Amino acid sequence: MNHPLTSIHASATVGDGTTIGAFSVVGEDVVIGAACVIGAGVVIHAGSRLGAGLRVDDHAVIGKQPLRGPRSAITRASELPGAEIGDGSLLGTSVVVYAGARIGRRVLVADLASVREGSEVGDETVIGRNVTVENRTRIGARCKIETNAYITALSTVGDDCFIAPEVTFTNDDYLGRTEQRFAHHGGPTLEAGARIGANSTILPGRRIGRDGLVAAGAVVTRDVPARTLVMGVPAVTRGPVPEEELLENQ
Amino acid sequence: MNHPLTSIHASATVGDGTTIGAFSVVGEDVVIGAACVIGAGVVIHAGSRLGAGLRVDDHAVIGKQPLRGPRSAITRASELPGAEIGDGSLLGTSVVVYAGARIGRRVLVADLASVREGSEVGDETVIGRNVTVENRTRIGARCKIETNAYITALSTVGDDCFIAPEVTFTNDDYLGRTEQRFAHHGGPTLEAGARIGANSTILPGRRIGRDGLVAAGAVVTRDVPARTLVMGVPAVTRGPVPEEELLENQ
Amino acid sequence: MNHPLTSIHASATVGDGTTIGAFSVVGEDVVIGAACVIGAGVVIHAGSRLGAGLRVDDHAVIGKQPLRGPRSAITRASELPGAEIGDGSLLGTSVVVYAGARIGRRVLVADLASVREGSEVGDETVIGRNVTVENRTRIGARCKIETNAYITALSTVGDDCFIAPEVTFTNDDYLGRTEQRFAHHGGPTLEAGARIGANSTILPGRRIGRDGLVAAGAVVTRDVPARTLVMGVPAVTRGPVPEEELLENQ
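Residues numbered from 1 in each chain as written. Chains lettered and ligands numbered in written order. Predicted model: local features only at pLDDT ≥ 70, side-chain atom pairs only at ≥ 80, totals over all residues. Heavy atoms only, no water.

Chemist: In this structure, what is going on with the state of the cysteines? I would like to understand it.
Modeler: Among covalent bonds in proteins, the disulfide is the one between the sulfur atoms of two cysteines. Residue and element names in this part refer to chain B. By the definition in use, this model includes zero disulfides over all chains. Among the cysteines around Cys143, which has no disulfide bond, Cys161 carries the closest sulfur, lying 4.8 Å off. Judged by its relative accessible area of 2%, Cys143 is buried. Given a relative accessible area of 2%, Cys161 falls into the buried group. (Disulfide = S-S within 2.5 Å. Buried < 20%, exposed > 50% of the residue type's maximum accessible area, 1.4 Å probe, protein only.)

Below is the structure:
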C-alpha cells in the first residue's frame, strides 16, 4: 500500500492497512499502528511509536532530536527516546513533534504546530495551527489552544482549558539577565477550565484559578482567582465569571 | 521539463512550458495551466485547478482536505471540491491552501500562510507570511494582510484593506462555553479601505467602517465608524482619519 | 554517505563527511563544507554557500529567490547572490533562508523561522521558532529573538539584545497610504543590550537605547532612553533598569 518512492528502514514495523505517501521517510525501529494514513514528504525519526488510526499530513516531522543553542545552559543529554502518538490522533501539514514528546489519543495537532521534547498533551485536546508547546510542559485533556498561541517551557495547563489565538505565555521575569533568573524560571499554571482571551499576555509563574477568565488583550501581572474575570493592561478584576459559563454547567 | 523523480498521476493535465521540481506530487484529476514554475516537494491534491503563469514554491501543499477535531461540531461532509488558484498568482514555501478555497489572480500568498476551505481571496491581494485565513472567510481585492495576522473563521474583509502584522481577529464572545455562543458566532467585518494597526485585537462581530483606522496595540470592543481613528485598550475614538490617507485620495 | 534518492547538481561541491538525507535537492554551484548533517527533504538553491559543521533539519529551504507582489514598488532586480551560512550554525525544520541573506557562525535558526534577502545575522545569535527577519535588517551577535517575533524590514538590532515571544516591530506610520510614507519608512533601532518584553509593539523608527527595557504588552510610541524601563499602552517611563540586569554586570 506504500508509494514506491519512499525510504522505509528495514527495522520499522508498519501495521495492516496503513498507507505511506510518496517521498516519506520512516527511520530505524519506528512502529506505526494499523489503518494509518501517512501523507507525502513525512519524516518519522528513529524510535517513534505511532498508534492505530492516525492521519499524518504532508511534511510532518515526528521524533526529531532537539537543536541545542550555541550557548545553551542545557548539558548535552544522551539522545531522547522516540515520540509517542496515541490512537486516532491527527497531525497536520508541517507539524513538528520532538523526540521525548507524548501525545494522547484523538488529539488534533493542526498545521505547522510544534510539541517539544519532554511535553505531554492529553486526550482529545486540540493544538491549533502554528501553536508552540515548548519543552517540559503538561497540557491536559479536552483543551483547545488556538492559532499562534505560545505556550512557553515549564507551563502547566489543566483539563478543559481554552487558550485563544496569539496568546503569549512567558517564563522569565528577568528577560535573560542575572543568575537568579534560573531560580525563578517557570511558566504559568492554568487550573481546570481556565480561559485566556485572544492576544493576551501572561507573566511568568502566574496562576489562573479554576474557571478563571482573562479578557482579550489583557496583560496578567498577578494571579487570577478561581471563577474570576480580569481585564486590561495591567489586568484588574472585573467580577465573577457568569454561572452559565462555568465548566460544571456545560 | 519535469524532474524525473516526481509522482504525477496519469489523469493530471499539465500545461505547456510548466516545470515541476524534484520530489513533487500531483494528484488525480489535477489541472495545471501553462508556464507555471512548481518547486521541489510540492504536493497538489486531487481535483485542484491551477491557472497559468503561477509560481509555487517548495513544500507548498494545495487542495488538502480538512482535519476534523475529535469533538468538532461540524458534521462530516463529503469531500470538498479541489482548490482553485487564478492566473499569475504566487504561492510561497510551505503555503497550505485547502480544498474548497478559491484564490484569485495575481495574488501573493507568502511563505507558511494558509487559506482554509470555503474561503475566497480577491485579485491582487497579498496574504503575508504565516497569515491564517480561516474557513468561510471572504477577503476582497488589493488587500494587504501582514505577517502572523490571524483572520478568524466567518470574517469579511472588503477591498483595499490593510491588516498589519500580528493582528488578531476573534469570533466567539463566549470562549467556547454555553450553547448560545453558536447563535452569536462570527468574525469582524471590515468595509473597504479599513486599516488595522499592528498587534491589535478585534472582538467578535465588530464592524470597522469604510476607511476606519485602528491604532497599533488597540483592543476594539465596539464598532468603528467610517473614516474614524480609534486607539487604546479598550479602543476609544481619537478623531477623523487624515484626508490625505483616505482611499479616494490615493 | 548521501541517500541514493537525492537530487544533487553535478556542479555542487560537498565536503568530507557531510551527509545528505533522502529526497533533498542541492542546486547548481552550491558549496557545502565538511561534516555537515543535512536532513530529509531539504532544498538548497543555486549558489548557496554553507560552512562546515552545520546541521540543517528536514524541509529547510536555503537560498530561495524572493517573490515580488503583484503591485510591489521594488523594481525587478537581477537574481540575488546565494545565501551564506557560517560554520557551526544550526537550521531547524522548515526554516527558510533567502538568497542574499548572510548568517554568521554558530547561529541557531529554530524551526519555521525565516531570514529574508539583504539581511545579516551575527555570530551566536538565536533566531527563535517562526521568527521573521524581514529584508534589509541587521541583527547583531549573541542576540536572542524568541518565538513568533516579527522583525520588520529596515530594522537594526545591536549585539546582546533580547526580544521576547510575539513582539511586533513596525515600519510604516501611514499603514500603506500616501506617498510621503516612503520618505519615513523604517523599522526600530535597538542599541546593544536592549530588551523587549513579550507581545509588545514598537512603532516605526523608534530607538531603544543601550540596555533599555520594554515591559511585556507595552506599545512603544516614543524613543526609550538608555537603561530605562518603560511600561503600558502607550508606554511611559517607570524608572531605571536594575543595575544587576545591565549588560556590563553579566
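Back to the write-up after that little detour.
Chemist: When you look at the interface of chain B and chain A in this model, what are you seeing that I'm missing?
Modeler: One widely used convention gives an interface's size as the accessible area the parts lose upon coming together. On the chain A side, the residues contacting the 47 residues of chain B number 44 residues. Here chain B and chain A share an interface that buries about 3200 Å² over both sides, 57% of which is from carbon and sulfur atoms. Looking only at chain B, the three residues that lose the most surface to chain A are Leu67(B), Leu175(B) and Arg177(B), adding up to 24% of its buried area. The interface formed by chain B and chain A contains three salt bridges. (Contact = heavy atoms within 4.5 Å. Buried area = accessible area lost by both parts, 1.4 Å probe. Salt bridge = Lys/Arg side-chain N within 4 Å of Asp/Glu carboxyl O.)

Chemist: It is not clear to me how unusual backbone geometry should be interpreted in this structure. Could you clarify?
Modeler: Leaving glycine out, the prevailing phi sign among residues is negative, and the prevailing peptide bond configuration is trans. Geometrically, the link from Val233(A) to Pro234(A) is a cis peptide bond, its omega value of -5° lying close to zero. If you check the backbone angles, Ser94(A) has positive phi at about 60° while not being a glycine. As for its position among the elements, Ser94(A) is in the loop between β12 (90-91) and β13 (96-98). Positive phi outside glycine occurs at Asn130(C), with the angle close to 60°. Within the fold, Asn130(C) resides in the loop between β18 (126-127) and β19 (132-133). (Helix = DSSP H or I, 4+ residues; strand = E, 2+ residues; numbered from the N terminus.)

Chemist: I would appreciate a short explanation of the confidence of the model for chain A in the present structure.
Modeler: Predicted coordinates in regions of low pLDDT should not be interpreted in detail. Mean pLDDT over chain A works out to 95, with 97% of the residues at or above the 70 mark. Reported confidence for the predicted complex is 0.96 by ipTM and 0.97 by pTM. (pLDDT = per-residue confidence, 0-100.)

Chemist: Mind showing me how you'd approach the relation of the copies chain B and chain A here?
Modeler: Relating one copy of the chain to the other takes a rotation about an axis and a shift parallel to that axis. Each copy superposes on the other: chain B lies on chain A with an RMSD of 0.0 Å after a rotation of 120° and an axial shift of 0.0 Å. What the superposition gives is, in effect, a three-fold axis relating one chain to the other. Considering only C-alpha atoms, the part of chain B nearest the rotation axis is Phe23(B), at 3.7 Å. Mapped onto chain A, only 19% of the interface residues of chain B again fall at the interface, so the copies present different surfaces. (Least-squares fit on C-alpha atoms with pLDDT ≥ 70 in both.)

Chemist: When you look at the interface of chain C and chain B in this model, what are you seeing that I'm missing?
Modeler: Taken together, the contact between chain C and chain B spans 47 residues of the former and 44 residues of the latter. Interface area, chain C with chain B, both sides summed: about 3200 Å², of which 57% is carbon and sulfur. Broken down residue by residue, the surface that chain C buries against chain B is led by Leu67(C), Leu175(C) and Arg177(C), which jointly contribute 25%. If you look at where chain C meets chain B, you find three salt bridges.

Chemist: Sorry if this is basic, but what is going on with the pattern of salt bridges here?
Modeler: Pairing between side chains becomes possible if they bear opposite charge and their charged atoms approach one another. Following the criterion strictly, the structure yields 48 salt bridges over all chains and no others. Note that Glu84(B) is salt-bridged to Arg49(B), the shortest N-O span being 3.4 Å. With Glu84(B) in strand β11 (residues 84-85) and Arg49(B) in strand β8 (residues 49-50), the pair connects residues that are 35 residues apart, well separated along the chain. The exposure class assigned to Arg49(B) is partly exposed, which follows from its relative accessible area of 40%. Among the charged side chains, a network of salt bridges with common partners joins Arg55(A), Asp57(A), Asp111(A) and Lys64(B).

Chemist: Please explain the packing of aromatic side chains as it appears in this structure.
Modeler: We describe a pair of aromatic rings using the distance from one ring centre to the other and the angle between the two ring planes. Scanning all chains against the criterion turns up three aromatic pairs over all chains. Both rings, one in Phe23(A) and one in Phe23(B), keep their centres 5.4 Å apart while their planes meet at 70°; by these two values the pair is edge-to-face. Of this pair, Phe23(A) sits in the loop between β3 (19-20) and β4 (25-26) while Phe23(B) sits in the loop between β3 (19-20) and β4 (25-26), on two different chains. A cation over a ring is seen here: Arg116(B) above Tyr98(B), with NZ or CZ 5.0 Å from the ring centre. (Phe/Tyr/Trp six-rings, centres within 6.5 Å; stacked < 30°, edge-to-face > 60°. Lys NZ or Arg CZ within 6 Å of the ring centre and 35° of its normal.)

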